[in-house]
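Spelled out from the first residue to the last, the chains are:
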Amino acid sequence: MEISRFGLLVFTIAILASPAISDLVLSKVDRRIYLTSQIVRISSSLKVENGGPEMVSEVLLAFPELQAKKLAYLMATQHEGKGKAKNSAAALPVEVASPKDMPPALTFYSVSLPKGLAEGDSFTFDVLAVYTHALQPIPEQITQADIQLVVYQESAYYLSPYVVKVQSLSIKLPDSRIESYTKLENTKIHGSEIKYGPYENLPAFSYSPIVVHFESNEPFAVAQELVREIEVSHWGNVQVTEHYKLVHGGARSKGEFSRLDFQARPNLRGASAFRYLVANLPPRAHSVYYRDEIGNISTSHLWGDSKKTELLIEPRYPMFGGWKTAFTVGYGLPLQDFLYKLEGKRFLNITFSSPMVELIIDTLIVKVVLPEGSSDISVSAPFPVKQWQEAKISHLDIDGRPVVVLEKTNVVPEHNQYFQVYYKFNKLSMLREPLMLISGFFFLFVACIVYMHADISISKSSASYLAKQQWEEVQGAIQQVQNIISRCLTTHDKLEASLRDLSRTGDVQACKAARKAADGLLKELSKELKPLLTFLHSSPSAAQILPKVEELVAKERELQEKVMAKHSTVVDGYEKKSGARDIENRVALQQQKLTALRQEVDDLLEFIDDI
């Protein structure tokens, strides 16, 4: 604060030494400074008189260099008087000026008058100056429970290169809670408004610094970058997509954050945070969405009528000082409301900036995506912007869609004015994409027809086809051999089951009947197996796997003999009334061999199956 006041003192000394530059006199100056949000707006009414013999056609406006760097928007209009609409007045041309022998710490703008002022003539006009980042948080860091205090510095006297006869200043604050303010002669305070003046007969470049320290818990929403893409489709829609990188530009939050305290007492434990933003979308906006990198954000509300559409969005968390978030808002607009024709050209007439209320944008990039085939493109904007062109490749595009890119820094809501993009477009170009789709489907159907009627199989007389066919026959024969061996093994299991029934019931005749049935089935399976083995011996394709098949058949026959021998031994024992222990001892060795053989047969089956 002390350094800032010292700078103001040096600045005051420098400009007080500067002389007036013409015979113009400001007979009356009324200024109103609005500090009700993070955006500072100064509305000035100036009545200028020509006190010299020379004709005067322009008036100079002076701004301190530090203040000029924060100047985002400047407009001058003819004063219409009370009771008349402010928007009805035409804007006066305003340009940067560089008058000679002026202090380097000042930046000048010239306002061109609608007609020259002769000696004794007067003219009244209004000036609106909008500033960003002009409120400095003091203290710079606060806790969740603290309120936000900011400082604003200005001059009680209107800084001008002309003599000012009568002037007054009014400062409108968001609340009546004021920490401190500079007290000068003729200073009054009424609630949330501080008034300075009137002051009379002040020389040129009069300057009296004042400082106001007050409470402001208004949302300090700052978009560090906003990329706004407007895509025009001649099929009836204008799609607007806005990518925000948002930060709370107020006093930085320090300490821990308690969501419980914030939800319980948001006005006390989070007064400086903002929980939602409001966007005034154009009428008839549709298909509105609000999402971020995680996905769709459901904390939004949309309502509207024939005149406007209002969107209220809430971030995923309350925004405290220094906190950042990123999100995307998108919506569609009817084409007929924004696209027009003029002298053989089409032009898009749409607003330039964000629809968010009281949002400061450090860098705004507007991309207007025109239909493919657009040519002779030009842009008309109500203020200077940096512009260039690029291309965007989308679905069914060949050369890409032309994209007009506009960039502007330090953007405020006053910049949300209509701008125009003019271009030429041939109606036949609209048929390009439908014809591409029709052609694509046509050639697809033709290809399907050709594929269905064409014989693209391998020739049956080729060596590869014959080898493949022989191998498939060998695989079929081996599969049948495996099935027969599996049926043999199942028959062996039934014989084992009959022996278990014999030990439980002692019915020898039933066991012999099971043996007889098994003999008959095994003989039939053996007959089925012979032609298969003969085929495998005769086929060259089975040369590698034939040894394993023969080994499998031999092992199964050996297993069959062992099972029959065991069955005969057990049945004979029961017929001779031998004891169970004696019968078990007699077949113990046979059982060991059976188990080993069965394991070998199973392993061979698994090996052949893998091949």
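Residue indices follow the written sequence of each chain, beginning from 1 at its first position. Local features in this predicted model are restricted to residues whose pLDDT is 70 or higher, and side-chain atom pairs enter the listing and the counts only when it is 80 or higher, whereas totals over whole chains, interfaces and linings include all residues. To get the side-chain values, take all heavy atoms of the structure and skip hydrogens and water.

With that settled, consider the sheet that holds strand β22 (residues 300-304). Strands are treated as partners if at least two bridges between them are detected by DSSP. Only DSSP runs of H or I reaching four residues or more are called helices, and only runs of E reaching two or more are called strands; each is numbered from the N terminus. The strand order across the open sheet formed by 3 strands is β20-β23-β22, and the pairing between neighbours is antiparallel. Each edge of the sheet is formed by a strand with only one pairing partner; in this case those strands are β20 (277-281) and β22. Taken pair by pair, the neighbouring strands of this sheet meet at an average axis angle of 15°, ignoring direction. Examined bridge by bridge, β22 and strand β23 (residues 309-313) share 5 bridges and lie antiparallel to one another. Bridge pairing in β23 links His 301 to Leu 312. Every axis in this analysis is a line fitted to C-alpha atoms, fitted for helices over the stretch in contact. Angles between the N-to-C directions lie between 0 and 180 degrees.

Relative to the assigned elements, Ile 189 resides in strand β14 (residues 187-190). Residues Ile 189 and Ile 171, 18 residues apart in the sequence, show an inter-C-alpha distance of 9.4 Å. Residue contacts follow a heavy-atom distance rule, with two residues in contact if any of their heavy atoms lie within 4.5 Å. Beyond its immediate sequence surroundings of up to four residues, Ile 189 is in contact with Ile 178, Tyr 181 and Ile 194.

On to the packing of helix α5 (residues 463-505) against helix α8 (residues 580-610), then. One way to put it is that α5 packs onto α8 with a least axis distance of 11 Å and a crossing angle of 155°. The pairing of α5 with α8 is recorded here as roughly antiparallel in orientation. Pair α5 / α8 crosses with left-handed handedness. Within the contact between the two elements, α5 uses Ile 478, Gln 482, Ile 485, Leu 489, Asp 493 and Glu 496 and α8 uses Leu 594, Arg 598, Val 601, Asp 602, Leu 605, Ile 608 and Asp 609. Lys, Arg, Asp and Glu make up the charged group, whereas Ala, Val, Leu, Ile, Met, Phe, Trp, Tyr, Cys and Pro make up the nonpolar group; the residues left over, Gly among them, are polar. Within the contact of α5 with α8, the residues separate by chemical class into 7 nonpolar, 1 polar and 5 charged. Reported orientations rely on four angle classes, namely roughly parallel under 35 degrees, roughly antiparallel over 145, roughly perpendicular from 65 to 115, and oblique for the rest. Crossing handedness: left-handed means the near helix sits turned counterclockwise from the far one by under a right angle, and right-handed means the same turn made clockwise.

With a 1.4 Å probe rolled over the protein chains alone, any residue whose accessible area is under 20% of its type maximum counts as buried; one over 50% counts as exposed, and the rest are partly exposed. Counting buried positions along strand β3 (residues 56-64) gives 7 out of 9 residues, so the element sits mostly inside the fold. Examined bridge by bridge, β3 and strand β7 (residues 106-117) share 8 bridges and lie antiparallel to one another. Looking at the pairing, Val 59 lines up with Val 111 of β7.

Within the open sheet, the 7 strands sit side by side as β21-β24-β18-β17-β27-β30-β29. Their pairing is mixed. Looking at strand neighbours, the two that pair on one side only are β21 (286-291) and β29 (386-392), the edges of this open sheet. Between one strand and the next, the sheet's axes are offset by a mean angle of 15°, whatever the strand orientation. Bridge count for strand β17 (residues 221-233) against strand β27 (residues 360-369) is 8 bridges, and the pairing is parallel.

Here we come to the pairing of β20. In β20, alternate side chains face the same way, and those of Leu 277, Ala 279 and Leu 281 are buried while those of Val 278 and Asn 280 on the opposite face are not. Bridge count between β20 and β23: 5 bridges; the pairing is antiparallel. Note that in β23 the partner of Val 278 across the bridge is Leu 312.

In this scheme, patches are assembled from residues that exceed 30% relative accessible area and form no salt bridge. Like charges are connected within 9 Å, while nonpolar side chains (Val, Leu, Ile, Met, Phe, Trp, Tyr) are connected within 5 Å. Areas reported as accessible are Shrake-Rupley estimates using a 1.4 Å probe. Residue values count occlusion only from the protein chains shown. Salt bridge, as used here, is a side-chain nitrogen of Lys or Arg placed within 4 Å of a carboxyl oxygen of Asp or Glu. A positive count includes Lys and Arg, and a negative count includes Asp and Glu. His and the chain ends are not counted in either. Charged side chains are reduced to one point each, which is NZ for Lys, CZ for Arg, CG for Asp and CD for Glu. Residues Asp 603, Glu 606, Asp 609 and Asp 610 make up a contiguous surface patch of negative charge. Summarising the element assignment, Glu 606 is placed in helix α8.

Moving on, we come to the domain arrangement of the protein. Partitioning the protein into structural domains gives domain 1 (24-80 + 93-215), domain 2 (221-425) and domain 3 (468-610). Computed from C-alpha atoms alone, the centre-to-centre distance between domain 1 and domain 2 is 31 Å. The term buried area denotes the loss of accessible surface (1.4 Å probe radius) that occurs when two parts are joined, taken as the sum for both partners. Counting the surface lost from both domain 1 and domain 2, the interface buries some 2100 Å², and carbon and sulfur atoms represent 51% of this. The interface formed by domain 1 and domain 2 holds 2 salt bridges in total. The salt bridge partner of Glu 358 is Arg 41, with a shortest N-O separation of 2.9 Å. Under the rule applied, a polar contact is a pair of N or O atoms within 3.5 Å (in protein, one hydrogen donor and one hydrogen acceptor; residues adjacent in sequence only if both atoms are side-chain atoms). For the pair domain 1 and domain 2, the number of links is 14 residue pairs in polar contact (both at pLDDT 80 or more). Those elements that provide at least two residues to the side of domain 1 that touches domain 2 are β4 (71-78), β8 (122-131) and β10 (141-142). The element that contributes the greatest number of residues to the side of domain 1 that touches domain 2 is β4, accounting for 3 residues. The class makeup of the residues in the side of domain 1 that touches domain 2 is 10 nonpolar, 8 polar and 5 charged. Residue ranges for the domains originate in an automatic or database domain assignment.

Right, let's get into unusual backbone geometry. With an omega of 5°, the peptide bond running from Ile 138 to Pro 139 counts as cis. Considering the arrangement of structural elements, one finds Pro 139 in the loop between β9 (136-137) and β10. Omega for the peptide link from Gly 197 to Pro 198 comes to 10°, which places this bond in the cis form. Although it is not a glycine, Phe 205 sits at a positive phi angle of roughly 60°. One can find Phe 205 in the loop between β15 (193-202) and β16 (209-215).

The nonpolar side chains of a soluble globular protein tend to be buried with one another. Buried Ala, Val, Leu, Ile, Met, Phe, Trp, Tyr and Cys residues form a nonpolar core when they are joined through side-chain atoms within 4.5 Å. Ranked by size, the top nonpolar core spans 57 residues in total, and within it Leu 35, Val 40, Phe 125, Tyr 152 and Ile 171 carry the most contacts. Beyond its immediate sequence surroundings of up to four residues, Tyr 152 is in contact with Ile 33, Leu 35, Val 40, Ile 42, Gln 67, Ala 134, Leu 135, Ile 210, Val 211, Val 212 and Phe 214. Core analysis: the second largest hydrophobic core is formed by 46 residues, Ala 221, Tyr 244, Val 329 and Val 368 among them.

Tracing the sequence through the fold places Glu 140 in the loop between β9 and β10. Looking at Glu 140, the relative accessible area reads 53%, which means it is exposed. As a C-alpha pair, Glu 140 and Gly 321 span 181 residues in sequence and 9.4 Å in three-dimensional space. Discounting chain neighbours no more than four positions away, the residues touching Glu 140 are Ala 251 and Arg 252.

What counts as a ring pair is set by centres within 6.5 Å for rings of Phe, Tyr and Trp (its six-membered ring), and what kind of pair is set by the plane angle: stacked under 30 degrees, edge-to-face over 60, tilted for all other angles. Enumeration according to the criterion identifies 15 aromatic pairs in this entry. An angle of 85° between the planes, with centres 5.7 Å apart, marks the rings of Phe 63 and Tyr 109 as edge-to-face. Here Tyr 109 lies in strand β7 and Phe 63 lies in strand β3, a separation of 46 residues in the sequence. Each member of the pair Phe 63 and Tyr 109 is classed as buried. The aromatic ring of Phe 607 is capped on one face by Lys 548, whose charged end is 5.1 Å from the ring centroid. Working rule: Lys NZ or Arg CZ, within 6 Å of ring centre, within 35 degrees of ring normal, means a charge sits over the ring.

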